[in-house]
Amino acid sequence: MNNQKLRYGLIGAGSNAERKHLNNYINLPNVELVSICDVNIENAERLAKKYNIIKVYSNYEDMLNQENLDLVSVCTPNYLHAEISIYALLKGVNVHCEKPLAVNASEAEKIVEAKNKSGKRVMVGLNNRFTNEAVYLKKYIDAGYLGDIYQAKAGWIRRSGIPGRGTWFTNKDCAGGGVMIDLGVHYLDLALYLMGMPEPSYVTGATYNNFDHTTTRNRNGYKGIANGIFNVEDSAMGFIGLKNGATVNFEFSWASNIEKDKQYVEILGTKGGATLINGELKIHSELLDTCVDISPILNPNIKLLNEFEHFTNSILSNKALMAPAEHGVYMMEIIDHFYQAASKNEPVFFEKDKNKFLLLSSSF
């Protein structure tokens, strides 16, 4: 067993950084919380005091130059992901980058290039892959119980869930897009991951800006600015044709006139199907000439796979990553093509020479 302690730094001291990254890394015996950085030094100091972190910085370059770190979490607005991740990698630091990996595929590819040059690792913070339900369902599918998968549906639709008009989420220059790049990278990613990340052929769809005039449909805890910038989509619907003949339907919205919020993935195969709706997993099949529904009993107090243990163990033991940077490129290629299709109001096909990041390998 490797007893080495990894020196850890956090870049970006927002609520997600604390709730997800700090609250998990602090519990790992092979991780030492060393430093924290945020342009808002008060935010950094507040979290540093709460988590007993000694070193506080307002500039990530200073932190990476002065601290001998082994890994960092990048929890900044999307437009900074590539810049910071590349800098960290070239300083010899492993990177746990929040989703999306970058604002477009081109920037995501540059992160992969820096990773390969540095010999370090990058994991995308795709937390929905690490839920007990997703881990179990992935094993179930890979064991062949659903047969050949031919169709999937994915969505995350909110009634009132805009992350604050006038925040960086609603500014295209900062976020790279709206609900598609915010929520789409969660459940569209999960559907394609469960399917084995097949190669896409084309994508089509549409975006809408139906609630960009209001501050009344914000997500709980998020405040809007009455005249704040809102130049991204609040709804996105689309369809992906895959080269293996399978298809994917998806829908995402920050705000919709619906009864209640819904997060879901549905997978249809020749031997069975599965639905994961608002965290509840059900499997649908046939036994003894009768249709049956199976509800796996998964203990919520026992984590089948921990995202943060997985990354640190991968660094220390050189094992393959479950959410490598290449997967982030794969998703951004799809999102880029979706935005092109929505702007043109017609399908957009994938070029053959774009397959280098879609041919997935166990060497990640």
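Now for a quick tour of the structure. Residue numbers run consecutively from 1 along every chain, following the written order of its sequence. pLDDT decides what is reported in this predicted model: residues at 70 or higher carry local features, side-chain atom pairs at 80 or more are listed and counted, and totals for whole chains, interfaces and linings draw on all residues regardless. The side-chain values count all of the structure's non-hydrogen atoms but skip hydrogen atoms and water molecules.

1. What to know about the side chain of His337
Note on conventions: DSSP H or I runs of at least 4 residues are helices, E runs of at least 2 residues are strands, and numbering of each starts at the N terminus. Following the sequence through the fold, His337 ends up in helix α11 (residues 325-344). Only protein chains enter the area calculation, which uses a 1.4 Å probe; residues under 20% of their type maximum are buried, those over 50% are exposed, and those in between are partly exposed. Among the residues examined, His337 registers a relative accessible area of 7% and is labelled buried. Pairs of N or O atoms within 3.5 Å make up the polar contacts considered here, provided that, within protein, one atom can donate a hydrogen while the other can accept it, and that residues adjacent in sequence are counted only when both atoms are side-chain atoms. Among the polar contacts listed, one links the side chain of His337 to the backbone oxygen of Glu333, at a separation of 2.7 Å. We call two residues in contact whenever any of their non-hydrogen atoms come within 4.5 Å of each other. Those residues in contact with His337 that sit more than four places away from it in its chain are Val203, Val348, Phe349 and Phe350.

2. Notes on unusual backbone geometry
Following Lys99, the chain continues into Pro100 via a peptide bond in cis, with omega recorded as -10°. Along the chain, Pro100 falls in the loop between β5 (94-98) and α5 (105-118). Unusually for a residue other than glycine, Asn52 sits at a positive phi of about 55°. On the secondary structure map, Asn52 appears in the loop between α2 (41-50) and β3 (55-57). Residue Asp289 is not a glycine yet carries a positive backbone phi of 65°.

3. Some remarks on the packing of aromatic side chains
Two rings belonging to Phe, Tyr or Trp (six-membered ring only in the last case) form a pair when the distance between their centres is within 6.5 Å. Interplanar angles under 30 degrees mark stacking, angles over 60 mark edge-to-face geometry, and anything in between is tilted. As enumerated under the stated definition, the model contains 14 aromatic pairs in all. Taking the centre distance of 4.8 Å and the plane angle of 35° together, the rings of Tyr140 and Tyr145 count as tilted. Take Tyr145: its relative accessible area is 52%, and that puts it in the exposed class. With centroids separated by 6.3 Å and ring planes inclined at 35°, the aromatic side chains of Tyr202 and Phe239 adopt a geometry described as tilted. With Tyr202 in strand β8 (residues 200-208) and Phe239 in strand β9 (residues 235-242), this residue pair connects regions lying 37 residues apart in the sequence. Exposure remark for Tyr202: the relative accessible area of 25% places this residue in the partly exposed category. Overall, Phe239 belongs to the partly exposed group, its relative accessible area being 23%. Taken together, the ring pairs in this structure connect Phe250, Phe252, Phe338 and Tyr339 into an aromatic cluster. Lys138 extends its terminal NZ or CZ atom over the ring of Tyr193, reaching a point 4.8 Å from the ring centre. Only lysine NZ and arginine CZ atoms are considered, and such an atom sits over a ring when it is within 6 Å of the ring centre and within 35 degrees of the ring normal. Stacked on the ring of Tyr264, the Lys or Arg Lys262 has its end atom at 4.6 Å from the ring centre.

4. Regarding the nonpolar core
Nonpolar side chains in soluble globular proteins tend to end up buried together. Ranked by size, the top nonpolar core spans 108 residues in total, and within it Val72 and Leu188 carry the most contacts. Per-element accounting of this core gives the leading share, nine residues, to α11. Ignoring any residue separated from it by four or fewer positions in sequence, one finds Leu188 in contact with Ala154, Met180, Ile240, Val248, Phe250, Phe252, Met331 and Ile334. Grouping buried Ala, Val, Leu, Ile, Met, Phe, Trp, Tyr and Cys residues that are joined through side-chain atoms within 4.5 Å yields what is termed a nonpolar core.

5. Remarks on empty space enclosed by the protein
Any residue with an atom within 4 Å of a point lines the site, the site being either a cavity, points on a 1 Å grid over the protein atoms alone where a 1.4 Å probe fits but cannot get out, or a pocket, an open set with protein on both sides within 12 Å along at least 5 of 7 lines. Grid points are joined across faces, edges and corners, and a volume is the space filled by probe spheres set on the points. Tallied over the full model, the rule gives one cavity of 30 Å³ or more. When contributions to the lining of the largest cavity are tallied by element, the ones reaching two or more residues are α9 (184-194) and α11. Per-element accounting of the lining of the largest cavity gives the leading share, four residues, to α11. For the lining of the largest cavity, the residue count by class is seven nonpolar, two polar and two charged. Amino acid classes used here: Ala, Val, Leu, Ile, Met, Phe, Trp, Tyr, Cys and Pro are nonpolar; Asp, Glu, Lys and Arg are charged; the rest, including Gly, are polar.

6. Considerations on the sheet that holds β3
Neighbouring strands of a sheet are bound in pairs by backbone hydrogen bonds; such pairs are parallel or else antiparallel. With respect to topology, six strands assemble into an open sheet ordered β3-β2-β1-β4-β5-β6, the strand pairing being parallel. Of all strands in the sheet, those bounded by a partner on one side alone are β3 and β6 (122-125). The sheet shows a mean angle of 25° between the axes of neighbouring strands, taken without regard to direction. Strands are labelled as partners when DSSP assigns at least two bridges between them. Pairing of strand β1 (residues 6-11) with strand β4 (residues 71-74) involves four bridges; the strand directions are parallel. Geometry is summarised by axes, namely lines fitted to C-alpha atoms with helices restricted to the contacting stretch, and by angles between N-to-C directions that run from 0 to 180 degrees.

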